[in-house]
Amino acid sequence: MAWPNPSYYLASKAKRPNLYYLATSVILCSIFYIVGIWQHTRGGVANLAESECTQLQNISGVAPKSHTLDFDTHHSAIDLSIAPASPARANHFPACPTYLSEYTPCEDAQRSLKFDRVMLVYRERHCPEPNEVLKCRVPAPNGYTTPFRWPESRDSVWFANVPHKELTVEKAVQNWVRFEGKRFRFPGGGTMFPRGADAYIDEIGKLINLKDGSIRTAIDTGCGVASWGAYLLSRNILTVSFAPRDTHEAQVQFALERGVPALIGVMASIRLPYPSRAFDMAHCSRCLIPWGQYDGLYLIEIDRILRPGGYWILSGPPVNWKKHWKGWNRTAEDLNNEQSGIEAVAKSLCWKKLVEKDDLAVWQKPTNHAHCQINRKVYKKPPFCQGKDPDQAWYTKLENCLTPLPEVGHVKDIAGGMLTKWPERLTSVPPRIMRGSVKGITAKIFREDTDKWKKRVTYYKGFDGNLAVPGRFRNILDMNAYLGGFAAALINDPLWVMNIVPVEAEINTLGIIYERGLIGTYQNWCEAMSTYPRTYDFIHGDSVFTLYKDRCEMENILLEMDRILRPGGTVILRDDVDMVVKIQSIIERLNWNSKIVDHEEGPHHTEKIVWAVKQYWTAPAAATDQPGSKTSSYRKN
C-alpha cells in the first residue's frame, strides 16, 4: 500500500478551512448589502438633501440648520442684511474715483464731443469700447441717504443724493424745484404749468377722458423733472419720461430719486427704444423738439409708438402763440410758420386735431389706416414703410415713412385689436397674442405665465421679507421680462417696474408688455443702461446670464447692475445652477452679501436663485479724486 504524498495531504487539509471562510464571507457580505440597500432606500432623500445642503454651504458660506433646504424659515431679510462679508474674499473690484459718482457710460459728455451735432446725434447713446469699460464700482456721493418712501418721495429728494442746485435758479419762476435745508422740494410746477401739474392734468382731463381706464400708458418727451408723469400716477396712468443728459443738469436723476419712471433719452437720428403701438398718450410741454423740421421725422416717430386712437398733447410754443409770442422772444411770423408746419405734418399722418384750448392742443391718431391709404393720393409724403419691422428699435435709424397699422376688415375696426380698459387690461389676453402676431406665444402660455409668476413672487416674499413690506422698494428693474409676469404679480404694491426685453431675446415681447398696461424698454446687457447710477431699489433677472453666455463678460453685466443699484438695494437672479455658482463668485468681488436659494419647486430642480444685497457705502468725506486719478476709497455706513 502506497502512502499519499505528504505535501498533497497538507494542501487538502488547508483548502477545507479556506472554503469555510469563503462561504462565511459571502453570507455576511450579502447580509450587509441587503441591510445597506434597506437603509439607503429609507434615508436616501435626506442624504441627498444633506449632500446638496453641504454643497451650498461651501458655495455661500452659510451653514445649514437642517437637512432640508427650507429657505422660507431659515432665510430672513434680517439674516441677510446683517451677514458680514467674508474676510476671505479677495480680488474685490475697487471703488471708482469719486468724480464718477454720476457716471453714465453711454451718455458720457466727453465721449459725445466726438460725434456730429446735427440732429443732436452727439446726445444719443455712444457706449465705451470693450477696452474702455471701467472695472470699478461707482460710489454714491458722500452723505448719500436712502431716498424718501413713496408718496413722500414725489415731493422731496435729499440734496446729498443729487447735489445740483442749478435748476432751482434756472427754473425758479416756473416752480420746478426749490432747495430747502437739506432737501429739494418739488411743488409740481413746470414751464407751461406754473400752477402745478395736478391743475394742468385736470385741464387735459377736460379735453380727453383720463378716468375711464382707456388711457393707461403715456410717454413724456423732454420731461424736465417728470412732474407730469409723477402726478399722473394717482390717476392710474403709467408714464415713461425721458430727457437728454444736457445743460439741464440731473433732470432725469431728479425724476428717478422722486420714484418716477424715467430714462435718459433724446429724439435725434434713431428710433426711441419702444415697440410700435405702445403708448395711449404722448406729451410735449415746451420740450424744444423741432416737430415740423426734417419733413416731420419726429412726429412720424411719435406716430409709430402711439396706439391706434392714441393722443398727442402739445403745450408751449407755438400753441397759443398770438398771446405769448412777445414773452417767448420770437417773431410772430416764426411762430406762425412753426405751427403751420406742425399742422401740415399731422394732417399727412392722418391725425385729427381734436381741440386747441388756451395753451393746450390735442391731436388723435386714426384707429386704422383705411382712409389714410386712400389719401396717399393727396399726401404723397410720407409714404408707407415697406417691409420694415415696426417693433425693431435698437439703434434703428429714423426714416421718413409712415409705419402701417395692421389691416382691418371694416373701416370702424381698431387696427391690431381693441384693448380692454385698465385694470382688466393687465390680465386680459393681449391682442397681439389673440391675433397670433407674436410667434410662439399663445393665450394658454400667457395665462400659465401669469399664474407662474404669482407663485414665484409669493415665494420671493417668503424668503425676502423686505419685498413683502409695502413701500420698501419703489423703483424696480426686470432685466429679462418676457411677458411681464413678474411686474404683473407686483401690481398691487406701491412700486413700478421697468420691464426690459433684451434685444438678443428669441421673441420680441415688449409690445405684449405694453398691451398689458405695463412699461419697459429694449436693452443690450453687453452695454450700459441709459440711466443714472443708483436708479433702482431692486433688480430681478430670469436666465439673463444664460442668454448672454459667450456674448460678453459676466462681470461687466454685474458691474453695470452694481452701478444702477442703490446702496442697500436687493437683487434676485435665477438661472441654471452652474451659472448661479459663477454669478455668486463675481458677486463676492462686488462686496455684496448673497445666498443661494432653491427653486420654488424644491431642491432637486436644476435652476437656483441668487439672493443678494448691495452693501451700503459712499464716497469718503473731503474726497480729492479728480479726473485722471487712479486711486479712490470708499466708506461703509
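Residues numbered from 1 in each chain as written. Predicted model: local features only at pLDDT ≥ 70, side-chain atom pairs only at ≥ 80, totals over all residues. Heavy atoms only, no water.

Student: Provide a residue-level description of the state of the cysteines, including the pertinent values.
Tutor: The full count for this structure, using the stated rule, is six disulfides. Between C96 and C136 runs a disulfide, and the two sulfur atoms are separated by 2.0 Å. Between C96 and C136 the disulfide shows an S-S torsion of about 95 degrees. By sign, it is right-handed. Separated by 40 residues along the polypeptide, C96 in the loop between α3 (77-82) and α4 (109-112) and C136 in the loop between α4 and β1 (156-158) bring together distant segments of the chain. Given a relative accessible area of 13%, C136 falls into the buried group. The disulfide partner of C106 is C127, and the gap between their sulfur atoms is 2.0 Å. Taking the torsion about the sulfur-sulfur bond, which here is approximately 110 degrees, the covalent link between C106 and C127 counts as right-handed. (Disulfide = S-S within 2.5 Å. Helix = DSSP H or I, 4+ residues; strand = E, 2+ residues; numbered from the N terminus. Buried < 20%, exposed > 50% of the residue type's maximum accessible area, 1.4 Å probe, protein only.)

Student: Go over the environment of P128, please, and point to the residues and values.
Tutor: The topology assignment puts P128 in the loop between α4 and β1. Sequence separation of P128 and C106 is 22 residues, and the distance between their C-alpha atoms is 6.7 Å. Excluding residues within four positions of it along the chain, P128 makes contact with Y103, P105, C106, R111 and V133. (Contact = heavy atoms within 4.5 Å.)

Student: An account of the sheet that holds β1 is needed here, citing residue identities and associated values.
Tutor: Pairing in this open sheet of three strands is antiparallel, and the strands run β1-β3-β2 from one edge to the other. Each edge of the sheet is formed by a strand with only one pairing partner; in this case those strands are β1 and β2 (178-180). Each strand axis lies, on average, 30 degrees off the axis of its neighbour in the sheet, ignoring direction. (Pairing = 2+ DSSP bridges. Axes fitted to C-alpha atoms, helices over the stretch in contact; angles between N-to-C directions.)

Student: Residue-level account of the nonpolar core, with values.
Tutor: Formed by 130 residues in total, the largest nonpolar core has its most connected members in M281, W291, W312, L477, F545, L558 and M561. Ignoring any residue separated from it by four or fewer positions in sequence, one finds M561 in contact with M479, I539, F545, V571, L573 and W592. (Core = buried A, V, L, I, M, F, W, Y, C linked by side-chain atoms within 4.5 Å.)

Student: Could you give me a rundown of the packing of helix α18 (residues 554-564) against helix α19 (residues 577-589), with the residues and numbers involved?
Tutor: Two elements in contact, α18 and α19, have axes separated by 10 Å at closest approach and are oriented at 55 degrees. With respect to α19, the axis of α18 lies oblique. Of the two elements, α18 crosses α19, and the hand of that crossing is right-handed. Along its contact with α18, which presents M554, E555 and L558, the element α19 presents M579, K582, I583, I586, I587 and R589. (Parallel < 35°, antiparallel > 145°, perpendicular 65-115°, else oblique. Left-handed = near helix turned anticlockwise from the far one by under 90°.)

Student: Could you give an account of the pattern of salt bridges, naming the residues involved and the relevant values?
Tutor: Across all of its chains, the model carries 34 salt bridges by this definition. The salt bridge partner of K135 is E553, with a shortest N-O separation of 3.1 Å. With K135 in the loop between α4 and β1 and E553 in the loop between α17 (544-547) and α18, this residue pair connects regions lying 418 residues apart in the sequence. Of the charged contacts, one joins E338 and R330 as a salt bridge, the two residues approaching to 2.6 Å between their closest N and O atoms. For R330, a relative accessible area of 27% puts it in the partly exposed group. A single salt-bridge network, built from bridges that share partners, covers R456, D542, R574, E600 and E607. (Salt bridge = Lys/Arg side-chain N within 4 Å of Asp/Glu carboxyl O.)

Student: Account for the environment of D358, with residues named and values stated.
Tutor: In this fold, D358 is placed in the loop between β9 (352-357) and β10 (360-364). Each C-alpha atom of the pair D358 and N320 lies 6.3 Å from the other, and the pair is 38 residues apart in sequence. Once you skip the residues sitting within four places of it in the chain, D358 turns out to touch V319 and N320.

Student: Give a detailed account of the packing of aromatic side chains, specifying residues and quantitative values.
Tutor: The full count for this structure, using the stated rule, is 23 aromatic pairs. Ring plane angle 85 degrees and centroid distance 5.4 Å describe the contact between Y274 and F279, whose orientation is recorded as edge-to-face. Assessed through its relative accessible area of 2%, Y274 is described here as buried. In this arrangement the basic side chain of R117 is found over the ring face of Y122, its NZ or CZ atom lying 4.4 Å from the centre. (Phe/Tyr/Trp six-rings, centres within 6.5 Å; stacked < 30°, edge-to-face > 60°. Lys NZ or Arg CZ within 6 Å of the ring centre and 35° of its normal.)

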